[in-house]
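# Coordinate analysis (summary)
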Amino acid sequence: MSNNEIRFTANEILNKDFKSSMRGYNQDEVDKFLDAIIQDYETFQTTIERLEKENAQLKMQVKSASERPTRHQPTPSVGSTNYDILQRLSNLEKEVFGKKLYES
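All residue numbers refer to position in the chain's written sequence, counted from 1. Selection of residues for local features in this predicted model requires a pLDDT of at least 70, selection of side-chain atom pairs for listing and counting requires 80 or more, and totals for whole chains, interfaces and linings are taken over all residues. Calculated side-chain values reflect all of the structure's heavy atoms, with hydrogen atoms and water omitted.

### Observations concerning the overall build of the chain
- In this text, helices come from DSSP runs of H or I with a minimum length of four residues, and strands from runs of E with a minimum of two, each type numbered from the N-terminal end. Along its length, the chain carries three helices and zero strands.
- Along the chain, helices and strands appear, N-terminal first, in the series α-α-α.
- Across the chain, the fraction of contacts at a sequence separation of at least 24, relative to all contacts at a separation of at least 6, is 73%.
- Method for areas: the Shrake-Rupley scheme with a 1.4 Å probe, in which residue coverage is limited to the protein chains shown. For the chain, the accessible area works out to roughly 9800 Å², and carbon and sulfur atoms hold 52% of it. A contact between two residues is defined here by any heavy atoms of the two lying within 4.5 Å.

Shown next as structure tokens:
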């Protein structure tokens, strides 16, 4: 994931100050909501980092397996290898973007 897509860090959200007015929002309610957002944000960031590492490991495994086919096992066809890769990517997308996208 590129940093161009991320607009705020958890610290920026935490340290954001809003101007108050006579008829403004309840500051405690806003603070509680921002705290919940920060927790979600940190969870998403941790999940993304874990999935990026897993993705890199899987790519290395695929590259390693494709560079040295074994004599005893038949080399998988390109179609089945592509299917396996697409299935893994789909699973990663479900973890990152949520399963609700795929439940329609």
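### Observations regarding the environment of glutamine 39
- Turning to its location among the elements, glutamine 39 is positioned in helix H2 (residues 27-67).
- In sequence terms glutamine 39 and alanine 10 are 29 residues apart; their C-alpha atoms lie 8.3 Å from each other.

### As for the pattern of salt bridges
- By definition here, a salt bridge exists when the distance from a side-chain nitrogen of Lys or Arg to a carboxyl oxygen of Asp or Glu is within 4 Å. The final tally for this structure, using the stated rule, is one salt bridge.
- A salt bridge links glutamate 54 to arginine 50, with the shortest nitrogen-to-oxygen separation between them at 3.8 Å. In this pair, glutamate 54 and arginine 50 both sit in helix H2, four residues apart, roughly one turn of the helix.

### A short note on H2
- Between its terminal C-alpha atoms H2 stretches 59 Å, which fits the 60 Å expected from 41 residues at 1.5 Å a residue.
- Here's how the labels work: a residue is buried when its accessible area is under 20% of the maximum for its type, exposed when over 50%, partly exposed in between, all with a 1.4 Å probe on protein chains only. Residues Leu34, Ile38, Thr47, Ile48, Leu51 and Leu58 constitute the buried set of H2. Each residue after the first adds 1.5 Å to the expected span of a helix.

### Focus on the environment of phenylalanine 18
- Here phenylalanine 18 shows up in the loop between helix H1 (10-14) and H2.
- Assessed through its relative accessible area of 53%, phenylalanine 18 is described here as exposed.
- In sequence terms phenylalanine 18 and valine 30 are twelve residues apart; their C-alpha atoms lie 9.5 Å from each other.
- Not counting the four nearest positions on each side in its chain, phenylalanine 18 is found in contact with Val30 and Leu34.

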